[in-house]
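What follows is the residue order along each chain.
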Amino acid sequence: LSPFAGFLADRFGRVKVILVSLLVWSAVTWLTGHARNLGELLTARALMGISEACYIPAALGLVADYHGPRTRSLATGLHQSGLYAGLVLGGIGGGWMGEHYGWRFAFTILGAIGILYVLFLRFALRRPDAGPRSAADVPRFGSSLRSLAALPGYRTMATVFTLTSVANWVVYAWLAFYLYERFGMSLTLAGFSATFYVHASSFAGILIGGWLADTWSRRSSRGRLLTQTLGVAIGGPCLFLVGFTDSMAVLIAALVFYGVGRGLYDCNTMPVLCQIARPDLRSTGYGIFNFASCIAGGVATALAGILKDAIGLGAAFQAGAVIVLFSAFLLWRLRLPSEVGRV
């Protein structure tokens with residue numbers, strides 16, 4: 001639902017979609033804690049996916065509305081830092097709540113907090129005034145898709161986003177089990193190592209990448225794109241090392257630099273999209289990125305599991321590294337204008 005959710009943000013306003021998304025997410029989170037059987041639990045998780053699909057395209061589009069070319073990458077990076085911080089803190093805090101109070105309490109309390117936060121955002125969150133729009137200016141879903149497909153470089157950007165996500169999905173799904181098998185880690189240590197090093201370094205990478213891209217873009221229209229290229233060029237070899245090395249020190253270093261590379265790439269996806277897409281196409285455009293990457297990532301994750309006994313998870317990570325390096329080549333060849341539809 002990401003492409004259509006992005007379109008709703010472009011069509012009806014990003015703030016409205018963000019508020020509805022958070023309200024539904026919070027209500028479904030609360031209901032998850034009160035599920036009485038497996039069917040209700042699965043239904044709640046499916047509704048959770050719908051609410052999450054609505055958030056990211058709208059939120060990144062809103063950040064792009066507020067920030068021009070001088071600050072857009074760093075602002076996007078600061079927003080993305082919340083996602084990484086949540087993944088790290090959620091793993092610790094969620095586990096603590098589950099261990100001491102049960103998993104139902106964790107969902108119930110987080111859902112209640114989210115509903116209260118909706119009330120705060122209702123008055124605190126504002127969209128920059130873009131001026132009145134005529135009926136002819138209101139986008140249509142089909143025409144938005146056609147306009148995006150015709151943009152110079154958009155298909156390459158979507159391809160790169162999908163390919164890098166394939167590697168990320170395989171890493172997130174299988175890294176902990178790989179560390180448990182190959183390095184003999186305990187399940188606790190494997191889970192920590194598979195999440196902390198990558199996410200903590202990604203947190204640093206998006207802040208560094210945001211500053212670097214904003215600075216670089218003042219000298220060259222390719223500054224943000226080259227920052228992304230640098231990120232995937234760093235991440236590819238490091239991911240190969242993760243699947244190749246037997247040294248714990250090399251493994252940790254590779255995970256750290258893989259995370260940094262991912263951060264350099266992530267914080268510039270929406271800012272680079274802003275160089276080719278009008279404001280009323282940006283959330284839809286990012287929604288298509290999400291759609292393609294989730295489908296491809298899910299297939300790749302399942303395929304890695306199917307082939308695990310035949311080629312091993314290390315080989316799967318090495319294959320992902322080759323894909324990431326190919327993405328760097330595609331980004332390096334891409335040429336884009338400096339900015340479209342400045343806000």
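Residues numbered from 1 in each chain as written. Predicted model: local features only at pLDDT ≥ 70, side-chain atom pairs only at ≥ 80, totals over all residues. Heavy atoms only, no water.

Participant: Describe the state of the cysteines, with residues and values.
Facilitator: Under the counting rule described, the total for this entry stands at zero disulfides. Cysteine 267 supplies the cysteine sulfur nearest to cysteine 238, a cysteine that is in no disulfide, at a spacing of 17 Å. By relative accessible area, cysteine 238 is classed as buried at 12%. For cysteine 294, which is in no disulfide, the shortest distance to another cysteine sulfur is to cysteine 54 and amounts to 13 Å. Residue classification places cysteine 294 among the partly exposed positions, given a relative accessible area of 38%. (Disulfide = S-S within 2.5 Å. Buried < 20%, exposed > 50% of the residue type's maximum accessible area, 1.4 Å probe, protein only.)

Participant: Give a detailed account of the packing of helix 7 (residues 154–182) against helix 9 (residues 223–242), specifying residues and quantitative values.
Facilitator: Where helix 7 contacts helix 9, the two axes come as close as 12 Å, and the packing angle between them is 30°. Classed by the angle they form, the pair helix 7 and helix 9 counts as roughly parallel. The handedness of the crossing between helix 7 and helix 9 is left-handed. Between helix 7 and helix 9, the residues in contact are Thr164, Ala167, Val171, Leu175 and Tyr178 and Val232, Leu239 and Val242, respectively. Taken together, the residues that form the contact of helix 7 with helix 9 break down as seven nonpolar, one polar and no charged. (Axes fitted to C-alpha atoms, helices over the stretch in contact; angles between N-to-C directions. Helix = DSSP H or I, 4+ residues; strand = E, 2+ residues; numbered from the N terminus. Parallel < 35°, antiparallel > 145°, perpendicular 65-115°, else oblique. Left-handed = near helix turned anticlockwise from the far one by under 90°. Contact = heavy atoms within 4.5 Å. Nonpolar A, V, L, I, M, F, W, Y, C, P; charged D, E, K, R; others polar.)

Participant: Lay out the side chain of arginine 262 in plain terms, naming residues and giving numbers.
Facilitator: The topology assignment puts arginine 262 in helix 10 (residues 248–266). The class for arginine 262 is buried, based on a relative accessible area of 18%. Polar side-chain contacts of arginine 262 include one of 3.4 Å to the side chain of tyrosine 84. The contacts of arginine 262, once residues within four sequence positions are left out, are Tyr84, Asn168, Tyr172 and Ser202. (Polar contact = N/O pair within 3.5 Å; in protein donor to acceptor, adjacent residues only side chain to side chain.)

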